[in-house]
Every structure is written in C-alpha cells, then in structure tokens.
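Now for the letters of each chain:
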Amino acid sequence: MPPPLISSQNHAILGSLNEAQRRAVTSDAPTVAILAGPGSGKTHTLTSRVVWLVDYVGIRPENVIVATFTVKAAKEMKERIGKALGNGREKKLVLGNFHSIARRYLAAYGRHIGLNQKFGIADDADSRAIIKRICSRKQVQPDPAYVRAWISKKKAKGTEVDEKQARIDASKSPGLQELEECYQEYQSHLEKSNLLDFDDLLVRCVELLQKFPSCVSNIQTVLIDEYQDTNGIQYELMKLFAQKHRRVTIVGDPDQSIYGWRSAEVKNLWRFLKDFRGTAEISLEENYRSFQSILDLSLLVIQQDKNRYKKILKPIHNKGSRPALRKLKSASAEGDWIVSEIKRVIMMSGGMLTHNDVAILLRSASLSRHIENGLGKAGIPYRMVGGFKFYDRVEIKVIIDYLRVIYQPENNDALARIMNVPKRGIGEGTIQKFLEEARQASISVWSLLSKHSRGERTAKTKITTPMEQKIVTTLLRPLDAIRKKIGQSHGPNGTPFGLVEMIEQLISSINLQKHIKTTYPDDHEQKWANIEEFISLAADFVREQAQSEDDDLLPEIEGVEQTKETEILPRFLANVSLAADAQTGDKDEESKPVVTISTIHAAKGLEWPIVFIPAVYNGSIPHQRSEDSDEERRLLYVAMTRAQNLLYLSCPTFAASNDDDSSPSRNQLSPFIEPIHRAFANKGPCLDRPVMTEIAKVLKRKLPSEDDIFRELPTMFSIEDNLFPVDPEQRQGDTVEPPRAKRPRLSGPGHRNTTGEENPWKKEYATTMEQSSGFTVSALPGFISASTHQAKLAAETAANEALKAAERAKKLTATAKRPLDQKSILGFFGSKPSSAASSHLPPTSSNKPQPPVSTKANYNPLGRNQFPGLPRSSSTPKPAIEPELATHRLSTGKPTMSRPSRKENIEKVKQYPAFSSSPQKPPVEEEGNVDDDDDDGPPEPTRAAACLHSTTYTNMPLSDFNKGGVKRPPRLNRDGAITPLDKLRQPFKPLTVNRGR
DNA sequence: GGACTTTCCCTCAAA
DNA sequence: GGGAAAGTCC
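Please read all numbers here as calculations on a predicted model, not as lab measurements.

## Notes on the overall build of chain A
Stage number 1. Scanning chain A from terminus to terminus reveals 39 helices and 16 strands.
Stage number 2. If you take every contact in chain A between residues at least 6 apart in sequence, the share linking residues at least 24 apart comes to 83%.
Stage number 3. Working note: accessible area of chain A is about 41600 Å², and carbon and sulfur atoms make up 52% of it.

Shown next, in the form of structure tokens:
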C-alpha cells in the first residue's frame, strides 16, 4: 500500500480533537492506553479512533471489535460511530458489550466446544432460584446469596488465576467443600436446562477462543471502553480477541472504577501494561465538562484516597457557582426541595434549561421513592434509568417465561414459574415435587408432564384429574401448537410465523388478559398497557433485525464453520436478557423534556448541566453493605463529576423511619463529605444574571433577556433556595436572614434595568408575606444588600479558611508542584502498595516556584517523556502510519478497503458532528472569569481552590493562565471549518425508559 | 393434604 | 412495593 496521500492533520475527524486526543486517535503504536479523568473526552477519543482506523488506516469494520460494559454505552457508541462513518458501516463492526459479543461468538461457533446451539441465558432470577433450591436440598451452611456470589466470583476471575492468591482465598472460605459441591450441582443443572448464566457466556467464550483461535483470526484491532471495569475473565477475553495481531486500545480511569463488586479489578490496567510492553500511554488532561468549582470539590473527595494514581485534570471552564450541600428534615422534604430547586433553576433560566438538563443520581434505586413522589406531586415528568427493569415486571416476566419454555422445553425453572400462572390449581408443593422427580429421573419437567399426559409414564407426583386437564389444555397443547407453527415457518412457501403473532397467540391461548384482570384488579389497565408495550417492543425488534439482516453475523472465517442464527425467538430472548433496558419509542421521548432519575452506576459516562445527589449519608454512600469504602468514594466522585454547571448534594437529617415509629434515627453525613462540608454552600446558588450567563456560555445556548425571564416568573415564586430551612433542626424562623433594604448594584443587571415599570415580583411580595419567614429582599435578582454581601463574603472566607486548614491538617502534598513528568501508571502499580502513595509524588522540589506558564511541557505531554515508544517530537503529530498496519489484510484474502484518494477525501470531508457526550473545547476565554470581571458579582476567593490540590491540578488558576497571554494549544477548528459546538446543545441523548409513569 | 391468603422481611450496584 | 413463611380455608 502506498504511503498516505493525505496528511493526517487534514482528516476531518481530527478537527474535533485536542492535541492529546489527536495523538491517541492517530497513534500507530500497537497498543494504546488512554488514561484520563472525567469529562476529558475519553469516549469521544475512542470513537474517533475507531473511525480513524476504519476510515483512514483502512481496517475493515468487520475486523474491529469494540467492547463496552453496558448495552447503553454500546448503543450510543454505535450511533456516534455511525454518524461519522456513514454508509451503515458501523453495523459491520463487532460492537457491543462483552456479554453480547461473547454470545454472538458462542451462537456462531459454540458447537465446536460442544455447546448445544439452542442454549438460553439464565438471568439473575434463574440462577438465584437454582442455587436456592440446591442449597436447601443439600442443607448447606452458607446462605444462597453467598454461594451465588462465590460462584460468580470464581467464574469472573478467569482462568489465569494467580495460584498463590487462589490458595489464600481457599483458606479464607470456610465450607469450601460445600461451596464446590454447590458449584458443581449448579453447573450441571444449567447444563441440563441448556442454560448459560452471565458469567458462563464469558467463560465459555474464552474456552472457545482458546481452542479455536481462528474464530477471531480476522480481528485486526480491539478497542475497550471503561477499561477500569474489566474483570479477570473479560481481560482474558480481550486478549483472546486480539490474539492474532495484538493491537488493542483501551480507555479508562482508575478513579471511576465502581464495579469491584462485579469482580472488576483495577490491577488489570497494570496487567495490561505488563502484558503489552511498549504500550503508548496517553493522558487526556483537560476537563471540558464541568465548572471548576465542581471539579475542585470532586477532587477533594477523590483525593481522600491516598493510594490512587494521581492524574492531571485541568478545568477548561470558569469557576462557576459553588456546589451546594443541603440539609433537609426528611427524605420526603428532600424530594420536595429537589422539586423546588428544579423549578427555580428552570424558571430563573427563562427556559434555557429544561427538565432534560436535570439528573438525580442515587446510590440505590430504592431511594427514588420520595423523589418520585415529589416529582409526581409537582407534575414534573421523569424517567427512571436503572433500578427496576421493564422486563422485570411480573406481567412481562410471565410472557418471557412462556417464550422461554416454548423455545426451550427443558428450561425447568421457567416452566416452574409459569406452571400455575394463570392459576391451574397447581400449588407450590406440587411444582417442587415435579422438579425433584424430574431431577431424579434426569428428564425435564416438560417431558415428565407430556409423557404422563400421553400415558407413557406415570408421574410419581400425584396429579389430580382437574389438574391434569388444565395442564393438557392450557399448557402443553397451546405451547406445542406454537412450537409446531415455528417449525413450519421454514417451509417452502409458508410465511414465517412472526414473533409478534407468536406472542399474540400465546396471550390469547392462555387467556392472559383475564388473568391480569382478576389478579390485579387495581392496576390491570396499566399492566395490560405494559403488555401492549412489550408487543410493540417485539415488533421493533423484528423490524430492526430485518434491517440489519446479516450484519449482526460475524464475518465468515475460512475453515471454521459458523452456525447461522435464523430464528428470531432465541435472538429476542437473548436481547431481553442481555439488554439492560427496554427501549421505547424515542420519538415522543425526545420531544418531551424529562428529568432523569438514575442510579450512579447507570449514570457513568453521561453528563447533565444540573445534577442532584440526594441521600449523602453514611449508610447510603458508603452503602451499609458495601465492602470497599474506596469504591464507594469513587462512586460519589463519579456522581459529582457528571455535573456540568450546578451540583447539589443533599442529606435528610433524620432517617425516614416508618411513620408510626416516633423515634426517627439521625442520619450522619457521609464520611466522604463530612471533612469537607464547609467547602460547600449550604443552599442552592444564587441564579443571577452572571451565573446564568456563564452557564449559557458553557452550554452554548441563548439566555433569554432578563426582562423575559422575570415576566415569566409565576406569583409566589421564590427566586432563592429559601423555601426550606438551611438548618432543619432549628425552627424555620431562626434561620432566616432579616429583611434588608434593596440596593441597586453598581453594575450588573439591576443597574441596566431601564424599564420604568415596577418589577413584577415586587407585587408578589405583599401577597406572600404570610410565609415571609423564607423570604428575603436580598433575594431579588440584580440586587444585593450590603449585609447579604457581607454575610456571603464572610461565609466564603470562612469556608475557604476551613478548607485550607483541613488540607493543612491532612498534610496533603499541597506544596508539591504538579509533576512535569507524570509517571507511567505502570510505575505506580509496580511500586509496593505501602509506598505507592509517595512513589508518584513529583520529583520537583516543593519549594521550587511554579515553572513559567509558557513551558511547552504544560501542553505537550510528549515532552513529559510519557511515551517511551514514541519519539519526543514537535507538536505536529506524526502523520505516518506504520507500514505494517497500513498493509494489514484480511486473512480471508478479501481485498482491503482502499483508502479514498486525496481528491475523494477532500470532496467528502465530513463535518463529524460532535459525537461526544462532552462538548469540545470552548473558545478561549479571553476575558477571564466572570467573577473576576464583575466586581459586584458574587465574591469568590481570589485564588481558586485549585491551588490546594496542586498535585493533581496545575498550580496556576486558570484565570491567570488565560490572562497571561499564554499561547494555548492550537485549536484545530479555529479556521471555522468545523463548527460542531452548536450541535452540542443537547448535552446527552435521552437513553432509555424503564418505568411507565 | 394442598391451595389460597396474610404477615413479615428485605432490598446495593448490573449483564 | 415484593417474596417467602405462617395461617386459613376447601
């Protein structure tokens, strides 16, 4: 292949990248590790690299594996890549979450390792039930939950287990014998039912790829997102995917490792760097997402972990408002307060911000109740991500279990669940006996029943005549009829028996509607609506499958025979098990702004302008049952760093004990927040003109005029966060600031208010004086009273002092400068854990003054000698592609897609609309911070808190930096050719809906 | 004796 | 709000 005709700098995809990102995207090192903090554009970089490799390097999409951890992430990535690649080429990529990729390989090649091709997937409920039964039959000591966790861990660790570690673990688990026995029984049960559980999907895929490497012989490159969440078996899988060419790109952030409980191991990062020597390590250091004050506080949280690998995170945006830590009386007050703040923010933004911009992030899904109540009362639309799944609803589960039994008659567990639904007069005890008899006879319950009904074999379990009647007429026959139809669908001229028709026939033949009506008289309508929704989901699935046709199939490999999945039912069932969420009609969802309620886990990788984190008390975060408190801290860090502009933490002072109980227990503030609580504001920020202007700037939106905003404010509207007492333990009146005379600001909106009319809010005053305890004149926009100003100043000085004192007390390495040569993470992990905390300290003398800001090293990480494999070079990236990579060919001998000629390339320069969830680099902030310029604006500490954690931040406040006339790294889009910023108004794409309203 | 109804428990996070 | 043990009914 001839050398590239166009230089890499001209490739359109690069326009949206900063220098470090561009190096990561275009790196020709075989293995690339991109390590970066939140909001630095990791995923954007990864998707760009995929596009680069396919579009520029010329790797065929079907030879690329992109693995993520969640269905959601996979879906979003597919969309983004699709937009950039065009021609539907993204469909050819082997892209998905680990489990679904593994399932595809097993479906295609599983029979080579003796896997029954009709395998089903045992979900959580299945494996729980199976283990429970085994435990009670064997009367084992440990409880089923523990056994289950033990088995899962054993599988997830992978085969390359450290022998020493294994022995230690073995000695630590008492009743090892019993556990092993349960494990054996569990596996044999799964095998008999022809099921694989989630872990098995990975385990068996590893087995397949070890024995038949040729299955992945076409794979030229592998990319992994959220790498810090890989567990042992996934690590092996990744290596096996890439075994032919060993070209891997990983993206991750150890600080965001929050899946340890699922056996994710951060040390896999170190393992990676050891296994792939010469990996190019690239760090992305600029945070494009959040205001600096949000990053400051997030860092104060994460830095409590003394053993972490410290990274640089440079805020790009201005300081912004101080995040709030709000105390409320109870969980329901918390919910009401959140509602009031949401309303306030939206009103005060004049509609610039909508419900879509708000997320409420929870440690556990069960915390949503009070919040949902509050939102419901206020009529604010919301959706819940994570937590209860659509597919987990009883009425949906029944249908799914029926479908499973149709597909796999030998699935005893599914059959057991539906045997008496609708009621057939078969009790729990009888079902258990069936299961036991079937187990002993080594046949399935289904065949036990059907043999009995045909008189071929009399069941030992007593079956009464009416019972038998019911079984035959409402269970065996209808399902057999459906199976028969499926079998005929492949006949010469028979139109295929569609999934939707199948479900409809099923529903009518078991008379599900009647069952729903009688069993759930109160909400049968809702339940029936869910069933209809499910049918339409099935229809969507069928349509999607028809569109992608065989794109979902793996590329043909010579010499390894593939099984083609022709039936829709197994694919649908797999999709149901592996998909985190049901996807409902996007169209109406996008038009109606809704508040997002999500678990923190499910929010990873996403961002919102306004983020609430309720229930930051000990027991919620860190969770009562958590084992790793560092992981809980990281979880809080992940949650906080989702926020772009406004961040709220809140904590109910008293636990919501059950109403009759008169002794409410007191909640303790989370230990991660307690030491730094003074760094937070004690109530929501003032949302005056400067603040809103700043937000508008970051979000690239247009802020309505102040007059317009205030004209829209309803009566009785409180423009400050003062509807709830700041200290819930005092009577409300005690905490209220005395009313003060208003005074126009010297500069600022009030000053510019030239309308002769009386401001509309003034009238409301009189009408709301009854509840004036929560009202202050100083709250008026554009006006700030002297005493408020003073109080605010004092508070902030105090908070700042406290912060500094806390830092000093903790003897943080506050005086150390940011290392100019941040070490490789390999060195960090390589050092002994005890010394790890100090090993990464910068070599720079702590007394040395901050180096001149113009140091190129500040912005040229290459200069930091981080990448032994790459030459230290000028700031222009090396355009060349390693010849070896450029000439990669398919093992099948098919011609490699040729790179477009120069002319073609110029002609179809794509505008690559932003396919990052994070905005790209905003224009250089020439004027500096708002607070600095607006001398009457909310006072802020002169020195940014950044200087307090210089080991992670650059020591220099950004404002100084901006003013210093320092040359920033060249912006690739300064010529105006690429203007994707406007397209970033929607900060995130609404994802999924799990819950009806 | 087994099916149906009521009470108590518990419930972290996700594929 | 849901699932399992205990209690009640046929």
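Additional details are given in the paragraphs that follow.
## Side note on the environment of L573
Stage number 1. Summarising the element assignment, L573 is placed in helix α23 (residues 568-578).
Stage number 2. A relative accessible area of 9% means that L573 is categorised as buried.
Stage number 3. Between the C-alpha atom of L573 and that of R383, which follows or precedes it by 190 residues, the distance is 25 Å.
Stage number 4. Not counting chain neighbours up to four residues away, the residues in contact with L573 comprise I400, L403, R404 and Y407.

## Considering the protein's contact with DNA strand B
Stage number 1. In the vicinity of DNA strand B, 29 residues are found, and the nearest of them are N97, R363, S364, A365 and R625.
Stage number 2. The side chain of T599 places a nitrogen or oxygen atom 2.9 Å from a phosphate oxygen of DNA strand B.
Stage number 3. Between R625 and DNA strand B, the recorded distance is 2.3 Å, taken from a backbone N or O atom to a base nitrogen.
Stage number 4. Here the surface near DNA strand B takes three residues from helix α17 (residues 428-441), the largest share from any one element.
Stage number 5. When its residues are assigned to classes, the surface near DNA strand B shows ten nonpolar, twelve polar and seven charged.

## A few points about the pairing of strand β8 (residues 280-284)
Stage number 1. Judged by how many residues are buried, β8 sits mostly within the fold: five of five residues are covered.
Stage number 2. Neither face of β8 is left uncovered, since the one carrying A280, I282 and L284 and the one carrying E281 and S283 both have all their residues buried.
Stage number 3. The sheet contact formed by strand β1 (residues 31-36) and β8 spans five bridges and is parallel. Across the sheet, the residue bridging to I34 is I282, located in β8.

## Focus on the packing of helix α6 (residues 144-156) against helix α8 (residues 176-192)
Stage number 1. At a minimum axis distance of 10 Å, the contact between α6 and α8 shows a crossing angle of 75°. Taken together, the axes of α6 and α8 lie roughly perpendicular to each other. Contacts from Y146, V147, W150, I151, K154 and K155 in α6 reach L176, L179, E180, C182, Y183, Y186, Q187 and L190 in α8.
Stage number 2. A per-class count over the contact of α6 with α8 returns ten nonpolar, one polar and three charged.

## As for the sheet that holds strand β16 (residues 643-652)
Stage number 1. In space, the six strands of this open sheet follow the order β11-β16-β15-β12-β14-β13, with parallel pairing throughout. Strands with a single pairing partner mark the edges of an open sheet, and in this sheet they are β11 (324-328) and β13 (382-385). Taken pair by pair, the neighbouring strands of this sheet meet at an average axis angle of 20°, ignoring direction.
Stage number 2. Pairing geometry for β11 and β16, over five bridges, is parallel. By the bridge assignment, K327 is partnered in β16 with C651.
Stage number 3. Strands in contact with helix α26 (residues 629-640) are β12 (358-362), β15 (608-613) and β16; relative to β16, the strand with the most contacts, it is inclined by about 130°.
Stage number 4. This element, helix α27 (residues 689-699), spans β15 and β16 of the sheet and lies at about 120° to β16.

## Looking at the side chain of S330
Stage number 1. Position of S330 among the secondary structure elements: in the loop between β11 and α13 (331-348).
Stage number 2. In contact with S330, not counting residues within four places along its chain, are P652 and F654.

## Details of the side chain of R642
Stage number 1. Position of R642 among the secondary structure elements: in the loop between α26 and β16.
Stage number 2. E226 provides the closest opposite charge to the buried, unpaired R642, separated from it by 6.7 Å.
Stage number 3. Within polar-contact distance, the side chain of R642 engages the side chain of T641 at 3.1 Å.
Stage number 4. If sequence neighbours within four positions are ignored, R642 has contacts with P38, Q256, R289, L361, A603, K604, G605, L606, E607, W608 and V611.

## With respect to the pattern of salt bridges
Here the idea is simple: oppositely charged side chains can pair when their charged atoms come close.
Stage number 1. Going through the model one piece at a time under the given rule, you end up with 43 salt bridges.
Stage number 2. A salt bridge links R60 to E62, with the nearest nitrogen and oxygen atoms 2.8 Å apart.
Stage number 3. Of the charged contacts in the structure, one is a salt bridge between K311 and D255, with a shortest N-O distance of 2.9 Å. Here K311, found in the loop between α12 (292-302) and β10 (314-315), pairs with D255, found in the loop between β7 (248-252) and α11 (267-275); they are 56 residues apart in sequence, far enough to count as distant.
Stage number 4. Classification of K311 as buried rests on a relative accessible area of 6%.
Stage number 5. Taken together, the shared-partner salt bridges in this structure form one network comprising D123, D126, D401, R404 and R417.

## Digging into the sheet that holds β8
Strands in a sheet are paired, the pairing made by backbone hydrogen bonds, and the direction either parallel or antiparallel.
Stage number 1. Spatially, the six strands line up as an open sheet ordered β3-β2-β6-β7-β1-β8, and their pairing is parallel. At either end of the open sheet lies a strand with only one pairing partner, and these are β3 (94-97) and β8. Neighbouring strand axes in the sheet, compared pairwise and without regard to direction, differ in orientation by 15° on average.
Stage number 2. As paired strands, strand β2 (residues 64-68) and strand β6 (residues 221-224) are joined by four bridges and run parallel to one another. Note on β6: the bridge partner recorded for V64 is T221.
Stage number 3. On the sheet, helix α1 (residues 19-26) packs against β1 and β8 and is oriented at approximately 150° with respect to β8.
Stage number 4. Relative to β6, helix α2 (residues 42-57) is tilted by about 165°, and along the sheet it contacts β1, β2, β6, β7 and β8.

Procedures and definitions
Residues numbered from 1 in each chain as written. Chains lettered and ligands numbered in written order. Predicted model: local features only at pLDDT ≥ 70, side-chain atom pairs only at ≥ 80, totals over all residues. Heavy atoms only, no water. Helix = DSSP H or I, 4+ residues; strand = E, 2+ residues; numbered from the N terminus. Contact = heavy atoms within 4.5 Å. Areas by Shrake-Rupley, 256 points an atom, 1.4 Å probe, with all protein chains shown as cover. Buried < 20%, exposed > 50% of the residue type's maximum accessible area, 1.4 Å probe, protein only. Near = heavy atom within 4 Å. Polar contact = N/O pair within 3.5 Å; in protein donor to acceptor, adjacent residues only side chain to side chain. Nonpolar A, V, L, I, M, F, W, Y, C, P; charged D, E, K, R; others polar. Pairing = 2+ DSSP bridges. Axes fitted to C-alpha atoms, helices over the stretch in contact; angles between N-to-C directions. Parallel < 35°, antiparallel > 145°, perpendicular 65-115°, else oblique. Lys, Arg positive; Asp, Glu negative; His and termini not counted. Salt bridge = Lys/Arg side-chain N within 4 Å of Asp/Glu carboxyl O.

Keep in mind these values describe shape, not function.
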